[in-house]
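Coordinate inspection notes
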Amino acid sequence: MKESYPFELIALPYEYEALEPYIDAETLHYHHDRHLKTYVDNLNNILKDYPRLHSMNLPTLLVNIEVLPQEIQTAVRNNAGGVFNHNLYFSSMRSPREDNRPKGELAEKIDKAFGSFEGFKKELSQKSAGQFGSGYGWLVTHRDGSLCIMSTPNQNTPIGFGTMPLIPLDVWEHAYYLKYKNLRKEYIEGYFNLINWDHIEDLYKNRGNFFK
Ligand code: MN
């Protein structure tokens, strides 16, 4: 997978039906094949005439927005953010499991930061449900391994503030409206059954690479 311009549409690491009943195949088709593809195409179009930026990967573009040519800053924030956030989101899920929880060091750090797994779930749910309009709820980590929950509007990302995203909970209506209509909280409840904790634990363990 190429990590710089021209950016490519990632393949889903599962079948379109794999996340049912919590996320239906039709939603996944629209979300991945159309919404994400649009962000990828837009980003490539924006960068086409700026060869100087063609070696930059997504995190580099996103943490350097303020030094990019002014006329493309907003478009890069929206579209590089759109690609980065969605790549994380689609990679953060797998087929549903009962009693879906993290293990090991990450589980301990979650208990420490939020009191318990239930405390973590409640805080991420509330932050995500409470994001006004479109955006994301996030579990993020810092260089020292401490954890924090936050939300961002639009396609903004938490990177650039010494934070590395672990869980990206997409609460744009396009993520859930076909199935859940206005019931964002039910979609969020379903997402917790889909979190690929093995993958999130790997991200957490390897955070040193991100903060290099
Ligand atoms: Mn989305």
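Residues numbered from 1 in each chain as written. Predicted model: local features only at pLDDT ≥ 70, side-chain atom pairs only at ≥ 80, totals over all residues. Heavy atoms only, no water.

By convention, interface size is frequently given as the accessible area that disappears when the constituent parts associate. Taken domain by domain, the chain consists of domain 1 (25–91) and domain 2 (104–210). If you average the C-alpha positions of domain 1 and of domain 2, the two centres end up 20 Å apart. Of the residues lining the interface, 19 residues belong to domain 1; the matching set on domain 2 comes to 20 residues. Buried area between domain 1 and domain 2, summed over both chains or domains, comes out near 1,600 Å², and the portion from carbon and sulfur atoms is 65%. (Domains from an automatic or database assignment. Contact = heavy atoms within 4.5 Å. Buried area = accessible area lost by both parts, 1.4 Å probe.)

Looking now at the packing of helix H4 (residues 104–114) against helix H8 (residues 197–205). Interaxial distance between H4 and H8 falls to 9 Å at its minimum, and their mutual angle equals 85°. Between H4 and H8, the angle falls in the class roughly perpendicular. Counted together, Glu105, Leu106, Lys109 and Ile110 of H4 and Trp197, Ile200, Glu201 and Tyr204 of H8 form the full contact between these two elements. (Axes fitted to C-alpha atoms, helices over the stretch in contact; angles between N-to-C directions. Helix = DSSP H or I, 4+ residues; strand = E, 2+ residues; numbered from the N terminus. Parallel < 35°, antiparallel > 145°, perpendicular 65-115°, else oblique.)

Turning to the nonpolar core, a few remarks are in order. If you look at the biggest cluster of nonpolar residues, it comprises 63 residues, and the most contacted ones within it are Val76, Phe90, Met93, Phe120, Ile167, Tyr187 and Trp197. Residue assignment places this core across two domains, with domain 1 (25–91) and domain 2 (104–210) each supplying three or more. Those residues in contact with valine 76 that lie beyond four places of it in its chain are Ile46, Leu47, Leu61, Leu62, Ile65, Leu68 and Gly81. (Core = buried A, V, L, I, M, F, W, Y, C linked by side-chain atoms within 4.5 Å. Buried < 20%, exposed > 50% of the residue type's maximum accessible area, 1.4 Å probe, protein only.)

Moving on, we come to the environment of leucine 183. Positionally, leucine 183 belongs in the loop between helix H6 (177–180) and helix H7 (184–191). Separated by 10 residues in sequence, leucine 183 and glutamate 173 place their C-alpha atoms 9.7 Å apart.

Here we come to the coordination of the manganese ion. Coordination of the manganese ion by the protein involves His31 (NE2), His86 (NE2), Asp170 (OD) and His174 (NE2), with metal-donor separations of 1.9 to 2.2 Å. The sequence pattern describing where the donors of the manganese ion fall on their chain is H-x54-H-x83-D-x3-H. For the pair formed by aspartate 170 and histidine 174, the shared burial category is buried. (Donors = N, O, S within 2.8 Å, 3.2 Å for Na, K, Ca; no water.)

A few words on the pattern of salt bridges. One pass over the full model with this rule turns up eight salt bridges. With a closest N to O distance of 2.7 Å, aspartate 41 and lysine 37 form a salt bridge. Pair noted here: aspartate 41 and lysine 37 are both in helix H1 (residues 25–47), with a separation of four residues, about one helical turn. Residue classification places lysine 37 among the partly exposed positions, given a relative accessible area of 38%. Here glutamate 118 and arginine 101 are joined by a salt bridge, their closest N and O atoms 2.7 Å apart. In this pair, glutamate 118 is assigned in helix H5 (residues 117–129) and arginine 101 in the loop between helix H3 (73–91) and H4, connecting sequence segments 17 residues apart. What makes glutamate 118 partly exposed here is its relative accessible area of 44%. Residues joined in a network through salt bridges with shared partners are Arg94, Lys103 and Asp198. (Salt bridge = Lys/Arg side-chain N within 4 Å of Asp/Glu carboxyl O.)

Summarising burial for strand S1 (residues 135–141): seven of the seven residues are buried, a large majority. Where burial is concerned, the two faces of S1 agree: the one with Gly135, Gly137, Leu139 and Thr141 and the one with Tyr136, Trp138 and Val140 are both buried. In this sheet, strand S2 (residues 147–153) lies alongside S1 in antiparallel orientation, the contact comprising seven bridges. Its bridge partner lying in S2, threonine 141 is registered against leucine 147. Where S1 hands over to S2, the hairpin turn is made up of five residues, of which glycine 145 adopts a positive phi near 90°. (Pairing = 2+ DSSP bridges.)

This part covers the sheet that holds S1. With respect to topology, three strands assemble into an open sheet ordered S2-S1-S3, the strand pairing being antiparallel. Every interior strand has two partners, whereas the edge strands, S2 and strand S3 (164–170), have only one. Strand after strand, the sheet turns through a mean of 25° between neighbouring axes, direction not considered. Direction of pairing for S1 relative to S3: antiparallel, over a ladder of six bridges. Bridged to tryptophan 138 within S3 is proline 168. The strands touched by H4 are S1, S2 and S3; relative to S2, the strand with the most contacts, the crossing angle is about 80°.

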